[in-house]
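# An overview of the molecular structure
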Amino acid sequence: MLIHGFPSDGIVTVNRVVLKPQYDVDDLQERVAMLCENVKTYHSETGFVGGFVCLNAGFISNEGSTIGQATQSPLKDREALIVTFWNSFADHEQSHRSDTFQPLFRDVLELCENGNEETGYHLLWQGKAYSPDEAKAARQAKDRFAAA
């Protein structure tokens, strides 16, 4: 399990942030760090399970994309995803009504060119890579049962 303690009926929320031209990654990191620390401090016992923030690295996979042969995203270092894991949507919504959360959330929104839409998802699958021995055993099992 990648997110330890994440319930099978929990929810995942995703915020997509596109930075306004006058802001940079340092601005984003500072404000998002304050926001995330607040959520961990005040909501770890009221439904928050974990999360991560990732920044658009700029590369586009030509092996995994069907959008042509672009090799670099125009949103490199300007787009970030804030992904959080919650016991329930009600817990998530309650956290966002918190007096300590709202000012920090507004600080992050000030950076956003795209406004904000936070979308909720049900997790369908998660998993970590096999160890070398597990990978070998999995390949052997596939080979054995594929022949049957």
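Structural data are supplied above this passage.
Definitions and cut-offs
Residues numbered from 1 in each chain as written. Predicted model: local features only at pLDDT ≥ 70, side-chain atom pairs only at ≥ 80, totals over all residues. Heavy atoms only, no water. Buried < 20%, exposed > 50% of the residue type's maximum accessible area, 1.4 Å probe, protein only. Helix = DSSP H or I, 4+ residues; strand = E, 2+ residues; numbered from the N terminus. Arc of directions from axis to C-beta. Contact = heavy atoms within 4.5 Å. Core = buried A, V, L, I, M, F, W, Y, C linked by side-chain atoms within 4.5 Å. Pairing = 2+ DSSP bridges. Axes fitted to C-alpha atoms, helices over the stretch in contact; angles between N-to-C directions. Salt bridge = Lys/Arg side-chain N within 4 Å of Asp/Glu carboxyl O.

### Examining helix α3 (residues 101–109)
- Buried residues of α3: F101, L104, F105 and V108, and no others. Each buried residue of α3 sits inside an arc of 105° when the element is viewed along its axis, so together they form one side.
- Turning to α3, the residues buried within the fold contact α1 (25–43) and α2 (89–96).

### Considering the nonpolar core
- One finds V17, L28 and L35 to be the most contacted residues of the largest nonpolar core, which totals 17 residues.
- When residues of this core are traced back to their parent elements, those giving at least two are β1 (11–18), α1, β3 (79–86) and α3.
- If you look at the next biggest cluster of nonpolar residues, it comprises 6 residues, including I3, V12, V14 and F85.

### Structural notes on the sheet that holds strand β2 (residues 48–55)
- Spatially, β2-β3-β1-β4 is the arrangement adopted by the 4 strands of the open sheet, whose pairing is antiparallel. Lying at the two open borders of the sheet, with one neighbouring strand each, are β2 and β4 (118–122). In this sheet, neighbouring strand axes are inclined to one another by 20° on average, regardless of whether the strands run parallel or antiparallel.
- Bridging between β2 and β3 involves 7 bridges; their strand directions are antiparallel. When the bridges of β3 are listed, L55 appears paired with A80.

### Thoughts on unusual backbone geometry
- Even without being a glycine, D77 presents a positive backbone phi close to 60°.
- Of note, D77 is situated in the loop between β2 and β3.

### Some points on the pattern of salt bridges
- Inspection of every chain in the model, using the stated rule, returns 4 salt bridges.
- Put simply, R31 and E110 hold a salt bridge, and the shortest N to O gap is 3.2 Å. Of this pair, R31 sits in helix α1 while E110 is found in the loop between α3 and β4, placing the two residues 79 residues apart along the sequence.
- What makes E110 partly exposed here is its relative accessible area of 40%.
- A salt bridge links D77 to K76, with the shortest nitrogen-to-oxygen separation between them at 3.8 Å.
- Judged by its relative accessible area of 34%, D77 falls in the partly exposed class.
- Overall, the relative accessible area of 35% leaves K76 in the partly exposed class.

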